[in-house]
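# Topology and contacts: notes
So you can see what is in the structure, the chains are spelled out below.
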Amino acid sequence: MISERLLKISAEAEEALAPIYKRIDEISYNNTARVLEIFKEHRVSDSMFSGTTGYGYDDIGRDTLDKVYADAFGAESAFVRHTIPNGTTALSIGLFGLLRPNDVMLSVTNEPYDTLCEVIGLKGANGDGSLADFGVKYDQVNFKNEEIDFEGIENKLNEYGDKLKVVFIQRSKGYLNRPTLTIDQIGKICDFVHARSQAYVVVDNCYGEFCEEREPCHVGADMMIGSLIKNPGGGIAESGGYIAGTKRAVKLASYRLTSVGTGCEVGASLGQNRNLFKGFFLAPHVVSQALKTAHFAAFVLERLGFDVSPKYNEYRSDIIQTVKLGYADGLIKFCQGIQASSPVDSYVTPMPWAMPGYQDEVIMAAGAFTQGSSIELSCDGPVRPPYTAFFQGSLTYESGKLAILSAADRLIKE
Ligand SMILES: *Cc1c(COP(=O)(O)O)cnc(C)c1O
């Protein structure tokens, strides 16, 4: 039973959030209209869902899905593959596709996502095959007072000149306490870099898709990359990743996806096309449900005295909500509360563990139909101060609301 106090806060939340929910509905409507129009233009049909085996030559469904993604994301070209196991691999394919020995990769949004640090070889060459092992140098410009440091970027552009091959932007905060970039901000960085350098601007777009009405390639990014068990899979895709961007950049990435020369010509879809189309069709709506859940959670948890980011009335460009629990047990209890109101594995108690690719122990609540899916309501956080829970997703607003209320109830009963 949810306590009276919490039910009252819940009602207040929905009243305060009504205008924000209305705006989210508009974004979802406009994105759905864009996606639907593109499905029609490309004559998506049942014959595209059957899929191919073996080499996967002439897979019309796969090839059409690539075009649908490219068009919806404002890109010249794209590939979408269920065989890409996660976002990190998609990012790795993109970076290895573009970077050559002695090139420089410059992150302009602090340190990238934990798992990507190993791909880059942030701690230096160690023989495991990271970018550093192949002689790719890495440098970074940090946020300055929570803003993009354009002066810092300019200095690095001057310092590295033609050696600078990739300017890297992570749109979402990921596991860091830093702001998420809006599409406008990403556009400003793209313009700034393109006016001064030949470098590719590459955006880690994980968790950002369909939160706004434009995507990074609409505002000048040369490449954007994401995971299908997050936003664009719409909760239907069972695995996968995508890369979209300029023709040249996507071609180079496709040569890493398969082999130089074959690129996107091969790759059997093995019956997955239907799920990927269906998920992409649903994605704008599902993202809207996740966004509403995040706003709702922000309101409720702030009212209970926790420091949340973003605030309930702040503009969003990703689906992540953070709450600082302040102590390890709070983080663990909160994640366990989310798990307990999940549709799958509700009886399981998540515990912190040393997850491959992450530097601290991580606790994860994931009662999802698809393993690790974080467009479904999921909650996780590295067990390190200030014990911040990062949560995201929800296939429906109703189930998200129920889970937040039940997790919050556990916290106040502590
Ligand atoms: C999820 C995510 C990734 C990729 O993580 P995977 O677990 O490999 O899918 C990369 N960057 C950001 C910002 C993310 O949120």
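Residues numbered from 1 in each chain as written. Predicted model: local features only at pLDDT ≥ 70, side-chain atom pairs only at ≥ 80, totals over all residues. Heavy atoms only, no water.

To continue, consider the sheet that holds strand S11 (residues 378-382). The five strands lie next to each other as S8-S9-S12-S11-S10, forming an open sheet whose pairing is antiparallel. Each end of this open sheet is capped by a strand with a single partner; those strands are strand S8 (307-309) and strand S10 (362-366). Each strand of the sheet is rotated relative to its neighbour by a mean of 20°, with strand direction disregarded. Bridge count between strand S9 (residues 321-324) and strand S12 (residues 388-392): four bridges; the pairing is antiparallel. Residue pairing in the sheet places Lys-324 in a bridge with Thr-388 of S12. (Pairing = 2+ DSSP bridges. Helix = DSSP H or I, 4+ residues; strand = E, 2+ residues; numbered from the N terminus. Axes fitted to C-alpha atoms, helices over the stretch in contact; angles between N-to-C directions.)

Two cysteines joined by a covalent bond between their sulfur atoms form a disulfide. What the rule picks out here adds up to zero disulfides. Free of any disulfide, Cys-190 has its nearest neighbouring cysteine sulfur in Cys-217, separated by 8.2 Å. Not part of a disulfide, Cys-211 finds its nearest cysteine sulfur in Cys-206, a span of 12 Å. (Disulfide = S-S within 2.5 Å.)

Our focus in this paragraph is the sheet that holds strand S5 (residues 200-204). Strand order in the open sheet formed by seven strands is S1-S7-S6-S5-S4-S2-S3, with mixed pairing between adjacent strands. At either margin of the open sheet sits one strand with a lone partner, and together these are strand S1 (77-81) and strand S3 (137-140). Across the sheet, the axes of successive neighbouring strands diverge by a mean angle of 20°, strand direction being ignored. Looking at chain direction, S1 and strand S7 (residues 241-245) are connected through five bridges and run antiparallel. Residue pairing in the sheet places Phe-79 in a bridge with Ile-243 of S7. Sheet contacts for helix H6 (residues 183-194): strand S4 (164-170) and S5; angle to S5, the most-contacted strand, approximately 160°. (Contact = heavy atoms within 4.5 Å.)

This paragraph deals with helix H9 (residues 328-340). In a regular helix each residue adds 1.5 Å, so 13 residues correspond to 18 Å; H9 covers 18 Å between its end C-alpha atoms and thus fits that length. The complete set of buried residues in H9 reads Gly-330, Leu-331, Ile-332, Phe-334, Cys-335, Gln-336, Gly-337, Ile-338 and Gln-339. Where the residues of H9 are buried, they touch helix H8 (273-303), S9, S10, S11, S12 and helix H10 (397-413). (Expected span 1.5 Å × (residues − 1). Buried < 20%, exposed > 50% of the residue type's maximum accessible area, 1.4 Å probe, protein only.)

With respect to the helices and strands, the residue Lys-230 is situated in the loop between strand S6 (223-227) and S7. The charged side chain of Lys-230 is buried without a salt bridge, its nearest counter-charge being Asp-204 at 6.4 Å. If we ignore the near neighbours within four places in the chain, the residues touching Lys-230 are Cys-206, Tyr-207, Ser-374 and Ile-375. (Lys, Arg positive; Asp, Glu negative; His and termini not counted. Salt bridge = Lys/Arg side-chain N within 4 Å of Asp/Glu carboxyl O.)

Turning next to the site of the ligand. Taken together, Asn-86, Gly-87, Thr-88, Leu-91, Tyr-113, Gln-170, Asp-204, Cys-206, Tyr-207 and Lys-230 make up the full set of residues near the ligand. Between the ligand and Thr-88, the relevant distance is 2.5 Å, taken from an oxygen atom to a side-chain nitrogen or oxygen of the residue. Here Asp-204 contributes a side-chain N or O atom positioned 2.5 Å from a nitrogen atom of the ligand. Taken by itself the ligand offers 380 Å² of open surface, and the protein chains cover 91% of this. Take the shell around the ligand: its biggest share by element is three residues, from helix H3 (residues 87-98). (Near = heavy atom within 4 Å. Polar contact = N/O pair within 3.5 Å; in protein donor to acceptor, adjacent residues only side chain to side chain. Areas by Shrake-Rupley, 256 points an atom, 1.4 Å probe, with all protein chains shown as cover.)

So, about the pairing of S7. Among the five residues that make up S7, five are buried, leaving the element largely enclosed by the rest of the structure. The pairing of S6 with S7 spans five bridges and is classified as antiparallel. Bridge assignment links Met-223 to a residue of S7, and that residue is Gly-245.

Another point: the nonpolar core. Counting residues in hydrophobic clusters, the biggest one holds 100 residues, and the most contacted among them are Leu-301 and Phe-334. Among residues more than four places away in sequence, those in contact with Leu-301 are Phe-306, Val-308, Val-323, Phe-334, Phe-391, Ala-408 and Leu-411. (Core = buried A, V, L, I, M, F, W, Y, C linked by side-chain atoms within 4.5 Å.)

Look at H3: 17 Å from first C-alpha to last across twelve residues, which is about the 16 Å you get at 1.5 Å a residue. With eleven of its twelve residues buried, H3 lies for the most part within the structure. Of all the positions in H3, only Gly-87, Thr-88, Ala-90, Leu-91, Ser-92, Ile-93, Gly-94, Leu-95, Phe-96, Gly-97 and Leu-98 are classed as buried.

A few words on the domain arrangement of the protein. Each domain of the protein was delimited in the assignment, giving domain 1 (4-31 + 281-413) and domain 2 (52-270). Together domain 1 and domain 2 conceal approximately 2900 Å² of surface at their shared face, both sides included; 54% is due to carbon and sulfur atoms. Our count for the contact surface shared by domain 1 and domain 2 stands at one salt bridge. Among the ionic pairs, Arg-23 bridges to Glu-213, the shortest N-O distance being 3.4 Å. In this assembly, domain 1 and domain 2 are joined by 16 residue pairs in polar contact (both at pLDDT 80 or more). Mapped onto the side of domain 1 that touches domain 2, the elements with two or more residues apiece are helix H1 (4-41), H8, S9, S10, S11 and S12. No other element matches H8, which puts six residues into the side of domain 1 that touches domain 2. (Domains from an automatic or database assignment. Buried area = accessible area lost by both parts, 1.4 Å probe.)

Time to look at the packing of aromatic side chains. Taken as a whole, this structure holds 17 aromatic pairs when the rule is applied. Ring plane angle 90° and centroid distance 5.8 Å describe the contact between Phe-96 and Phe-134, whose orientation is recorded as edge-to-face. You can see Phe-96 sitting in helix H3 and its partner Phe-134 sitting in the loop between helix H4 (114-120) and S3, a full 38 residues away along the chain. Among the residues examined, Phe-96 registers a relative accessible area of 14% and is labelled buried. The class of Phe-134 is partly exposed, set by a relative accessible area of 49%. Taken together, Tyr-69, Phe-73, Phe-210, Tyr-242 and Phe-280 form an aromatic cluster joined through their ring pairs. One Lys or Arg, Arg-196, reaches over the ring of Phe-192 and ends 3.6 Å from the middle of that ring. (Phe/Tyr/Trp six-rings, centres within 6.5 Å; stacked < 30°, edge-to-face > 60°. Lys NZ or Arg CZ within 6 Å of the ring centre and 35° of its normal.)

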